[in-house]
Amino acid sequence: MSTPPPSTQRPAQILVIDDEPDLRTLYELTLLREGYRVEAAGSVSEAWQHLEAGRFDAVITDMRLPDGQGMEIIHRIQKAQRSERCVVMTAYGSAENAVEALKAGAFDYLTKPVDLKQFRAVVASAVQARLAPQPVAKPVQAVPASNNSADATVVTSGTGIAALDRLVGESEPMRLVKSRIAKVARGMAPVLVRGESGTGKELVARAVHACSQRSEGPFVAVNCGAIPENLLEAEFFGARKGSYTGSSQDRDGYFQAARGGTLFLDEIGDLPLAMQSKLLRAIQERSVRSIGSTQEDAVDVRIVSATHKDLHAEVQAGRFRQDLFYRLNVIEIAVPALRDRREDLPALCAALLSRIAQDGGLPVPHLSNELLRRLAQHPLNGNVRELENLLHRAVALNDGDELHLDLMGGFTAAAEAAASAPAPLSPVADAPVALAPLPSVPVAPPKVAPPPLPSDLQAYLDQQEREILVRALHESGFNRTAAAARLGMSLRQIRYRIARLGITTPNGDDGASSHVDD
Ligand SMILES: Nc1ncnc2c1ncn2[C@@H]1O[C@H](COP(=O)(O)OP(=O)(O)OP(=O)(O)O)[C@@H](O)[C@H]1O
């Protein structure tokens, strides 16, 4: 649904460029009816005359024009550092054009033949982004752009600056990541965040949202690998009352929940092929149909996805749709592994320790140079998450206000030994009735009388399962992959169980397959 410009503001000014007079008139009338002020042009040169004569909030252009390409207009607007938001209309099936335009700085694209409902929605979103008032209370700051960027600086709001600050690290690779975030946040182009597990991809996605004009809207994070396959469609697109057994009321999906904001699709490489097709369709059509509904609902969301997998290789192997890959990967942000930015270690340790101490209501422990040196020698292949877990354990086992070397060394050795030792846990199906609390204690001798029957079998079994999972996670240094392997499960299965049982891990993001932050 489009949102007409608020009556208290001046009407937004739109320039429409199309060489077909009938279409031009149709677009003009549609926009006039929405309350915008509209000017129209039929060629690149005519469009430029309008642009030289005045300012617009949005420019909607066809790709193919008699004297050139719509791309030229985008390039000129970008080069002149003008503020107009550009939307391109591309022929159906020419996804490369849309991708090229988004890369060149277009705000969004429409596929021809243009659906007028979508047309109104995309223009409204471009205009709103342009007219959105800068938050007065929040300082606005210039973030230095990367060396190879054409821009000198990118202006970012206070919310954006705070989110960028949460990404600790001033090494060159991290500075490049931050300047790229600030630069790409402005448009609607899909962003793919790539990097090893635990490098901070979700933090990057949150920063993209916070630096964008959508920062006041919701940020919906979905762990694609954690949702059972048969629930995916309902979770993504919602379901109407009665559409499947047990659905007693209408339920929105992630797309509806993220309206006006950002939908973060984490572990996108884990999405099954059937769901990939449905996601592609939703992204292309910008609308979704809830299960059991006959109606398509327009949704205005920006997609940011993340993966630790090599999606190119996944495409080659036939496990990931190439067309979806191109749609999601318009802009790529590669998050460096910790081993490639070792100089960030002291700042990261300080920030993580202070966060851990604050969460636990404890004084911030002292980080000695010796401890830092030991940490620097540790491979840290699990990246910042592993570092965070190591510090978490060190704080938990600490009895003074200073973290000691042997404490840390002791923990590291114990964790490594636990990870490589033969699994003492039984598979879930053979789960023992009583489990030792953490840390492991000898198994109690068998009791003579059998324990009483549980009054609530499901709650009892859930409790058993929770204990096993918590124990496996502890013994695997909170590495979910290792814990899953020891219990004979896939990563997807353990994630689902962790979410179902509401287990929280030190990094705190395992308790749910999705979460919405407003
Ligand atoms: N640069 C950083 N500064 C501060 N904390 C960080 C940084 N990078 C990661 N972290 C912390 O490390 C943990 C893991 O980060 P995050 O979940 O964003 O990683 P990820 O790459 O998305 O991992 P995965 O691929 O396993 O989902 C989080 O607790 C996060 O806050």
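Residues numbered from 1 in each chain as written. Predicted model: local features only at pLDDT ≥ 70, side-chain atom pairs only at ≥ 80, totals over all residues.

Student: I'm lost on the pairing of strand β15 (residues 302-307) in this one. Help?
Tutor: In summary, the side chains of a regular strand alternate between the two faces of the sheet. Most of β15 is tucked away: six of the six residues are buried. Of the two faces of β15, both are covered, the one formed by R302, V304 and A306 as well as the one formed by I303, S305 and T307. Relative to β15, strand β10 (residues 191-194) is paired through four bridges, and the arrangement is parallel. Looking at β15, one finds that V193 is bridged to A306. Across four bridges, the pairing between strand β12 (residues 262-266) and β15 is parallel. For L263, the partnering residue across the bridge sits in β15 and is I303. (Buried ≥ 20, exposed ≤ 12 C-beta atoms within 10 Å, placed from the backbone. Helix = DSSP H or I, 4+ residues; strand = E, 2+ residues; numbered from the N terminus. Pairing = 2+ DSSP bridges.)

Student: Sorry if this is basic, but what is going on with the site of the ligand here?
Tutor: Residues in close proximity to the ligand total 21 residues, the closest being V168, G200, K201, E202 and V384. Contributions of two or more residues to the shell around the ligand are made by α8 (201-211), α14 (345-360) and α16 (383-397). Both domain 2 (141-336) and domain 3 (337-421) contribute no fewer than three residues apiece to the shell around the ligand. (Near = placed C-beta within 6 Å. Domains from an automatic or database assignment.)

Student: Help me out: how do you make sense of the confidence of the model for the protein chain in this one?
Tutor: If pLDDT is low for a region, its predicted coordinates should not be looked at in detail. On average, residues of the protein chain carry a pLDDT of 79, and 78% of them reach 70 or more. Counted against residues more than four places away or in other chains, residues 133-154, with its pLDDT under 50, gives 38 contacts. In the predicted structure, residues 509-513 sits below a pLDDT of 50 and forms 16 contacts with residues beyond four places in sequence or in another chain. Predicted complex, confidence summary: ipTM 0.98, pTM 0.67. (pLDDT = per-residue confidence, 0-100. Contact = placed C-beta atoms within 7 Å.)

Student: Which parts of the structure should I look at to understand the sheet that holds strand β7 (residues 108-112)?
Tutor: Neighbouring strands of a sheet are bound in pairs by backbone hydrogen bonds; such pairs are parallel or else antiparallel. Strand order in the open sheet formed by five strands is β2-β1-β3-β6-β7, and the pairing between neighbours is parallel. Where the open sheet ends on each side, the last strands, each with one partner, are β2 (37-41) and β7. Averaged over all pairs of adjacent strands, the angle between their axes in this sheet comes to 20°, without regard to strand direction. Here strand β1 (residues 13-17) pairs with β2 via five bridges, running parallel. Bridge pairing links V16 to A40 in β2. Set on the sheet, helix α3 (residues 70-79) makes contact with β1, β3 (58-62) and β6 (85-91); between it and β3 the angle comes to about 155°. (Axes fitted to C-alpha atoms, helices over the stretch in contact; angles between N-to-C directions.)

Student: I tried to follow α3 on my own but got confused; where do I start?
Tutor: An α-helical turn contains 3.6 residues, so any two residues separated by three or four positions project in the same direction. Here α3 has its buried residues at G70, I73, I74 and I77. Here the buried residues of α3 occupy an arc of 100° about the axis, which is enough to place them on one side. Of the residues flanking the end of α3, it is Q81, one or two places downstream, whose phi is positive at about 50°. (Arc of directions from axis to C-beta.)

Student: Got a minute to help me understand the packing of α14 against helix α15 (residues 369-377) in this structure?
Tutor: Relative placement of two packed helices is described by the angle separating their axes and the distance separating the axes. One can describe the packing of α14 onto α15 by two numbers: an axis separation of 11 Å at closest approach and a directional angle of 115°. Considering their axes alone, α14 and α15 lie roughly perpendicular with respect to each other. Crossing of α14 over α15 shows right-handed handedness. Together, L345, P346 and C349 of α14 and L372, L375 and A376 of α15 make up the contact between the two elements. Of the residues belonging to the contact of α14 with α15, the class tally is six nonpolar, no polar and no charged. (Parallel < 35°, antiparallel > 145°, perpendicular 65-115°, else oblique. Left-handed = near helix turned anticlockwise from the far one by under 90°. Nonpolar A, V, L, I, M, F, W, Y, C, P; charged D, E, K, R; others polar.)

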